[in-house]
Amino acid sequence: MALVNLTPHPIVVRTDGGDVTIPPSGQVARVTSQQTLAGYIDLDGVQIPVQRTTFGQVECLPAPAPDTVYIVSGLVLSALAGTRPDVVQPDTSPAGAIRDGDGRIVAVRGFQI
């Protein structure tokens, strides 16, 4: 099985056998987006803009390949809406994420679909 990391950073998976690091492939899958002004919040006379983001198509995701699983961001996985069984995201849920003393994720225990 091949794991192709389509995120811009290494993914560290912590297993009982030790850490496995999956380096970025150099290609990053992304979702197109467009922002429109939805309004303003008035904070003591200062107008703070509020944007509405609309998400579009997934870009730079290779076609399915035999024995290959693609690792993408949660946003990309969400945009795919279950249409690609060969795509996973790092499990950054409270049960899946391993954090350092400053709260940064340093590893995950597995993947999510």
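See above for the structure.
Figured I'd write up the structure that's included with this text. (Residues numbered from 1 in each chain as written. Predicted model: local features only at pLDDT ≥ 70, side-chain atom pairs only at ≥ 80, totals over all residues. Heavy atoms only, no water.)

Focus: the pattern of salt bridges
Counted under the stated rule, the structure contains 4 salt bridges. The shortest N-O distance in the salt bridge between Arg-84 and Asp-86 comes to 2.8 Å. The exposure class assigned to Arg-84 is buried, which follows from its relative accessible area of 17%. With a shortest N-O distance of 3.0 Å, Arg-104 and Asp-102 are connected by a salt bridge. Pair check on accessibility: Arg-104 and Asp-102 agree, each one exposed. Through salt bridges with shared partners, a single ionic network connects Asp-100, Asp-102 and Arg-104. (Salt bridge = Lys/Arg side-chain N within 4 Å of Asp/Glu carboxyl O. Buried < 20%, exposed > 50% of the residue type's maximum accessible area, 1.4 Å probe, protein only.)

Observations concerning the layout of surface pockets
The computed volume of the largest pocket comes to approximately 200 Å³. Those elements that provide at least two residues to the lining of the largest pocket are β2 (11-15) and β9 (105-108). Looking at which element gives the most residues to the lining of the largest pocket, the answer is β9, with 4 residues. (1 Å grid on protein atoms, 1.4 Å probe; cavity = no way out; pocket = protein on both sides within 12 Å on 5 of 7 lines; lining within 4 Å. Points joined across faces, edges and corners; volume = space filled by probe spheres on them. Helix = DSSP H or I, 4+ residues; strand = E, 2+ residues; numbered from the N terminus.)

Read these as spatial facts, not as claims about activity.
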